[in-house]
Amino acid sequence: MGRRPARGHRNVPHTADVRIEAWAPDREDCVAEAVSALVDTFVDTAGADGTAETEFSVPPGNDENMLVTVLDEVIFRMETAGVLPLATDVRPADDGGLLVRWWTVDTDAVELVGAVPKAVALHELRFGPDQDGWSCAVTLDV
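Overview of the structure. Residue numbers run consecutively from 1 along every chain, following the written order of its sequence. Two thresholds apply to this predicted model, a pLDDT of at least 70 for residue-level local features and 80 or more for giving and counting side-chain atom pairs, whereas whole-chain, interface and lining totals are computed over all residues. The side-chain quantities take in all heavy atoms of the structure and omit both hydrogens and water.

Among the nonpolar cores identified, the biggest contains 39 residues, and L67, V70, L71, L84, C136 and V138 are the most heavily contacted of them. Numbering goes from the N terminus for both helices and strands, where a helix is a DSSP run of H or I of at least four residues and a strand is a run of E of at least two. Of all the secondary structure elements, the ones that give two or more residues to this core are β2 (18-24), α1 (27-40), β4 (52-58), α2 (63-81), β5 (83-92), β6 (98-106), β8 (119-130) and β9 (133-141). If sequence neighbours within four positions are ignored, L71 has contacts with A34, V35, L38, V120 and V138. Working definition of a nonpolar core: buried Ala, Val, Leu, Ile, Met, Phe, Trp, Tyr and Cys residues. They are joined through side-chain atoms within 4.5 Å. Three exposure classes are used, based on accessible area relative to the maximum for each residue type with a 1.4 Å probe and protein chains only: buried under 20%, partly exposed in between, and exposed over 50%. By the convention used here, residues are in contact when the closest approach between their heavy atoms is within 4.5 Å.

As structure tokens, then:
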């Protein structure tokens, strides 16, 4: 089996919910890949253009909690504002948290291709350094 690409994500089989894995050389890029993995589970963004740019701060905490906070924010903004991130940039904040910048698209501009996630499950959550950088595995309740 060959080495994985330096950065990427995929869906993995799971009984009733959706499970995603993401990896990247560092923590922040792994969070950004996890956002892409989440969005890719239920919409096709091909051909969509970003309509807005938004930023938010994630308070300091352990790495798993910060990852869940970012993924929960995707679901929250989809439900309350009707937007999804097309591209994500994550940087470390001076206080130990994260600064997240999204280029978003309205949900009506993308095609639904899967079950819409309702929440991020904490069961079997994994996020941390590995032999090739950082990786995570997350189950999404649908």
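Having seen the model, we can carry on.
What makes a salt bridge here is a side-chain nitrogen of Lys or Arg within 4 Å of a carboxyl oxygen of Asp or Glu, nothing more. Under the defined criterion, the tally for this structure stands at nine salt bridges. Salt-bridge contacts for E33 lead to R7; the nearest nitrogen and oxygen are separated by 2.7 Å. On the criterion of sequence distance, the pair formed by E33 in helix α1 and R7 in the segment before β1 (8-12) is long-range, its members being 26 residues apart. Under the relative-accessibility criterion, E33 is labelled buried at 11%. In this structure, E28 and R27 form a salt bridge, with 2.9 Å as the shortest nitrogen-oxygen distance. Look at E28 and you get buried, because its relative accessible area is 12%. Look at the salt bridges and you will find they share partners, linking R7, D29 and E33 into a network.

As far as function goes, none of this settles anything; it's purely spatial.
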